[in-house]
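Examining the three-dimensional arrangement
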Amino acid sequence: MGHGTSGEAMIVTVVSVPDGGTARISVAEARQRLATDRFLLLDVELPDEEDPAADEPVARRLGLEDEDLGWFGSRDESARAEFLGGAAGFVVPVVHDGDIVQVHALASERFLVVVHWGRRAGLADAIKAQLRRERPSDAVASLFLLLQESLVTFRRAAVRAVLRVEELEDDMFEGRRPEQIYLLSQERRWSARLHHALLPYLQAVEEVITRRMMSPDFPVERQRLALEFQRTARLVLADIESLQDAARRAFASYGSLVAGEQNGVINRLALVSVIFLPLSFLTGFFGMNFEFLTNRLETRDEFWLLAVGLQLVAVLGSLVLLHRSRIWRRLRDDD
């Protein structure tokens, strides 16, 4: 499948435009077609595991000799959008299977080369479907389809997460459980990851697009594609911000429920203290050794009347007052 040992693990697929058909080709054939074809779309799949023999850069293996392309096909690159004279290079974040992965794209007037690792990118079928529907006129138009599809993956992830947060918030009002706060924390972390991955990429792309649109030789059709990309990017950012707002709102709802439960506990403790306060007073009063208590209260009847009777009267009086108070009615309604 390759050209020398360095290309054996690299799978190159040529995508037909406009029907979206694919055919696997060798690295040597890919080098030749990149040098001769007028319109070429290549999908390069690198292995998930690092290939010890693949020490040669991907761009050089494909015959794209450019000193500015050392990043192309290199793992762990940051968000990138660069205009390289006759080509434009991008490191595009994509949401796939609950994770954020990278896709590298290099586009010129004649070709679009997309590099990803394994099948994690999950864009192949979507791009082929877009090619069949949109029928792009050149490689740059195909590039914008790729960039748009990457934004769609973020938007779908954000919308699904918002729905999960709203379901969690509804469940909280049905019955609060400790695991709900953990699930909310996961959704909040996911919203931060989406925002952290997308925002630097959009800022880089915005700079490149704005600079190119200011050029008088920038075609009108590409201006339309660029404006459509910018509009979609703003919508996706708004969806992610909606997810962040929903997560914060759910956390606030959880805190309100906890505060309400704590208020109920405090009110119950207040009721208990109201009942036992007169009892504590009577116990302390009759426990004092002054002349009236030690010399006058000598019979058993006097003891039961004062020591026990007053206690019962105090308890019954407290219960009657509490039963007529707002606190009692509020606790009964909460129950």
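Shown above is the structure to which this text applies.
Structure report, in brief. The structure presented is a predicted model; accordingly, all values stated were derived computationally and were not measured.

Concerning the side chain of T13
- You can see T13 is positioned in strand β1 (residues 11–15).
- A relative accessible area of 16% means that T13 is categorised as buried.
- Apart from the residues within four sequence positions on either side, T13 is in contact with T22, A23, R24, L41, L42 and D43.

A look at the side chain of Q244
- Tracing the chain through its elements places Q244 in helix α6 (residues 220–286).
- Ignoring sequence-local partners within four residues, the contact set of Q244 consists of S191, A192 and H195.

Some details on the sheet that holds strand β2 (residues 22–25)
- Strand order across the open sheet formed by seven strands is β2-β1-β3-β7-β6-β5-β4, with mixed pairing between neighbours. Edge positions in the open sheet fall to β2 and β4 (80–83), since each of these has one partner strand only. Between one strand and the next, the sheet's axes are offset by a mean angle of 25°, whatever the strand orientation.
- Where β1 lies against β2, four bridges are found, and the strand directions are antiparallel. The residue bridging V14 from the neighbouring strand is A23, located in β2.
- Relative to strand β3 (residues 40–46), helix α1 (residues 27–36) is tilted by about 150°, and along the sheet it contacts β1, β2, β3 and β7 (111–117).
- Of the strands in this sheet, β3, β5 (87–96), β6 (99–108) and β7 are in contact with helix α4 (residues 139–174), which crosses β5 at around 25°.

Observations regarding the packing of aromatic side chains
- The tally for this structure, following the rule as stated, stands at one aromatic pair.
- With a centroid separation of 5.6 Å and 90° between ring planes, the pair formed by W71 and F72 is classed as edge-to-face.
- For W71, a relative accessible area of 6% corresponds to the buried category.
- Between R188 and the ring centre of F251, over which it is positioned, the NZ or CZ distance is 5.2 Å.

Notes on the pattern of salt bridges
- Within this structure, the stated rule accounts for 13 salt bridges.
- D239 serves as the salt-bridge partner of R155, at 2.7 Å between the closest nitrogen and oxygen. Separated by 84 residues along the polypeptide, R155 in helix α4 and D239 in helix α6 bring together distant segments of the chain.
- In this structure, a network of salt bridges that share partners links the residues E77, R80 and E82.

Examining the environment of V140
- Within the secondary structure, V140 is located in helix α4.
- Overall, the relative accessible area of 13% leaves V140 in the buried class.
- For the pair V140 and R110, spaced 30 residues apart in the sequence, the C-alpha separation amounts to 8.4 Å.
- Not counting residues within four places of it along the chain, the set of residues in contact with V140 comprises S108 and R222.

Concerning the environment of T153
- Along the chain, T153 falls in helix α4.
- T153 sits in the buried class, given a relative accessible area of 9%.
- Along the sequence, T153 and P93 sit 60 residues apart, while their C-alpha atoms lie 9.3 Å from each other.

Some remarks on a nonpolar patch on the surface
- Taken together, the side chains of F281, F285 and M288 present a nonpolar region at the surface, about 300 Å² in accessible area.
- Looking at where F281 falls in the secondary structure, it is placed in helix α6.
- Overall, the relative accessible area of 56% leaves F281 in the exposed class.

Conventions and cut-offs
- Residue numbers run consecutively from 1 along every chain, following the written order of its sequence.
- Local features in this predicted model are restricted to residues whose pLDDT is 70 or higher, and side-chain atom pairs enter the listing and the counts only when it is 80 or higher, whereas totals over whole chains, interfaces and linings include all residues.
- Side-chain numbers come from the whole structure's heavy atoms, not from hydrogens or water.
- By definition, any uninterrupted DSSP run of H or I lasting at least four residues is a helix, any uninterrupted run of E lasting at least two residues is a strand, and each is numbered from the N terminus.
- Each residue gets one of three labels from its accessible area relative to the maximum for its type: buried under 20%, exposed over 50%, partly exposed in between, using a 1.4 Å probe on protein chains only.
- For this analysis, residues touch if any pair of their heavy atoms sits within 4.5 Å.
- If DSSP finds at least two bridges between two strands, the strands pair.
- Every axis in this analysis is a line fitted to C-alpha atoms, fitted for helices over the stretch in contact. Angles between the N-to-C directions lie between 0 and 180 degrees.
- Ring pairs shown here join Phe, Tyr and Trp side chains whose ring centres sit within 6.5 Å, with only the six-membered ring taken for Trp; geometry is labelled stacked below 30 degrees between planes, edge-to-face above 60, and tilted in between.
- Look at NZ for Lys and CZ for Arg. If either is within 6 Å of the ring centre and within 35 degrees of the ring normal, a charge sits over the ring.
- By definition here, a salt bridge exists when the distance from a side-chain nitrogen of Lys or Arg to a carboxyl oxygen of Asp or Glu is within 4 Å.
- The residues that make up patches have over 30% relative accessible area and no salt bridge, and they are joined within 9 Å when like-charged or within 5 Å when they are Val, Leu, Ile, Met, Phe, Trp or Tyr.
- Only the protein chains shown count as cover for residues, and all accessible areas are computed by the Shrake-Rupley method using a 1.4 Å probe.

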